[in-house]
Amino acid sequence: MKLVTLAAGLFGMALTLWLLSRFGARGILHLVMIGGWGMLAAILFHAVQVMLSARSWQIIAGRDDSHLKLRDYVALRCVREGVNNLLPVAQVGGEVISARLLARRGPGLRRAAAATICDLTIELLSQVVFTLLGLALLLCLVKRSSVTDELVESAGMALVLGAVFLGSQCLGAVSVVERLLVRIAAHLGWTGVESIRGLHGEIMGLYTAPGHAVRAGLCQLVAWSLGAVEVCLILHFMGHDRSLAHGFVIESVGQAAKSVGFAVPGALGVSEGGFILIGSLCGLPPAVSIGLSLIKRVREIAWGLPALAGWQWMETHWHTPGRKLDHGVGLPGH
């Protein structure tokens, strides 16, 4: 697995360097410098998106422990994004770490795992909706072409995969994994795994809680949509103003490309390629699209580095008041 991650990371770096050399690294870096105020605006504005995503997580978690506040979910959301964006993990390491930290804070491992799985599923499905809305808007802004047809087909496939992911949970896939993990743990002598028994029922309970899934989904969709404002702010300070509609299209397809490149750490190169593709349909030169992507990466670093430092603090200080610190499942390495 480490070799695969290393290979994917090297591929992403090589692709990024090739794109920079292909479209003029000096010109791209000049555009990034020009967009300095846009960089600052993106860093500050991202707080709104983080807050909405954290609120979505809190909503789907349902019955909150008295010790869990919105600020706790905001902190966990920052850790989740920081790990996924900056560490060599396949875009899911942040969910695993944040779920474990959430379990320490009060609701227990089963509840925390269920809430995180539900939140991740709702986030993925809301992104698919966001991408479909962006493509529908794109078809209103530009003429139909082979590129737009391929984008629509890819979005349709993503919708099918999202439905399969949700459907598998409803049909008991989590229950199968749960039983398998318990058996493996019993065979290897791991401790703490018994606490996840009933995970499938916990997940179904969160999904079927009246109004929770819909409200959480709306929060996530608004958070995704606000990315269009971030794009427009960055492009404005780069001297390439575009309408909010164009910003919506660029962000929706750009984020979809990043998700497709989940196997590559940070989606290096893949994300830039997605911005080049959709930017060209919106009249942006490739250098501007790459500059936009790089500024968004600076924003990820600006949020991610403090989040990683906060993660290390949480590992030693986060626990439910009045209870001993729970270090989670007694798996090897813990």
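Residues numbered from 1 in each chain as written. Predicted model: local features only at pLDDT ≥ 70, side-chain atom pairs only at ≥ 80, totals over all residues. Heavy atoms only, no water.

1. Section: the packing of aromatic side chains
Here's step 1: Scanning the model with the defined rule gives three aromatic pairs in all.
Here's step 2: Here F130 and W224 contribute two aromatic rings whose centre-to-centre distance is 6.2 Å and whose plane-to-plane angle is 20°, an arrangement assigned as stacked. A residue pair is termed long-range when its members are at least 10 positions apart, and F130 in helix 6 (residues 109–141) and W224 in helix 10 (residues 212–225) qualify at 94 residues.
Here's step 3: Ring centres of F130 and F248 lie 4.9 Å apart, and the angle between their planes is 70°; this geometry places the pair in the edge-to-face category. Here F130, found in helix 6, pairs with F248, found in helix 12 (residues 244–260); they are 118 residues apart in sequence, far enough to count as distant. An identical accessibility class is assigned to F130 and F248; each is buried. (Phe/Tyr/Trp six-rings, centres within 6.5 Å; stacked < 30°, edge-to-face > 60°. Helix = DSSP H or I, 4+ residues; strand = E, 2+ residues; numbered from the N terminus. Buried < 20%, exposed > 50% of the residue type's maximum accessible area, 1.4 Å probe, protein only.)

2. Focus: the UniProt feature "transmembrane region" (unreviewed entry) in the protein chain
Here's step 1: Listed under "transmembrane region" (unreviewed entry) in the UniProt record, and renumbered for this structure, are residues 34–54, 112–137 and 157–177.
Here's step 2: Secondary structure content for residues 34–54 is 95% helix and 0% strand, and the end C-alpha separation is 32 Å.
Here's step 3: Structurally, residues 112–137 is divided into 100% helix and 0% strand, and its ends, taken at the C-alpha atoms, are 37 Å apart. (UniProt positions renumbered as here; feature names shortened; annotations may be inferred.)

3. Considering the pattern of salt bridges
Here's step 1: In total, this model carries 15 salt bridges according to the counting rule given.
Here's step 2: Note that R104 is salt-bridged to E315, the shortest N-O span being 3.2 Å. With R104 in helix 5 (residues 93–105) and E315 in helix 14 (residues 286–317), this residue pair connects regions lying 211 residues apart in the sequence. Judged on exposure class, the residue R104 and its partner E315 are both buried.
Here's step 3: When the shortest N-O distance is used, the salt bridge between E230 and R299 registers 3.0 Å. Here E230 is found in helix 11 (residues 227–238), whereas its partner R299 is found in helix 14, with 69 residues between them in sequence. The burial state of E230 is the same as that of R299; both residues are buried. (Salt bridge = Lys/Arg side-chain N within 4 Å of Asp/Glu carboxyl O.)

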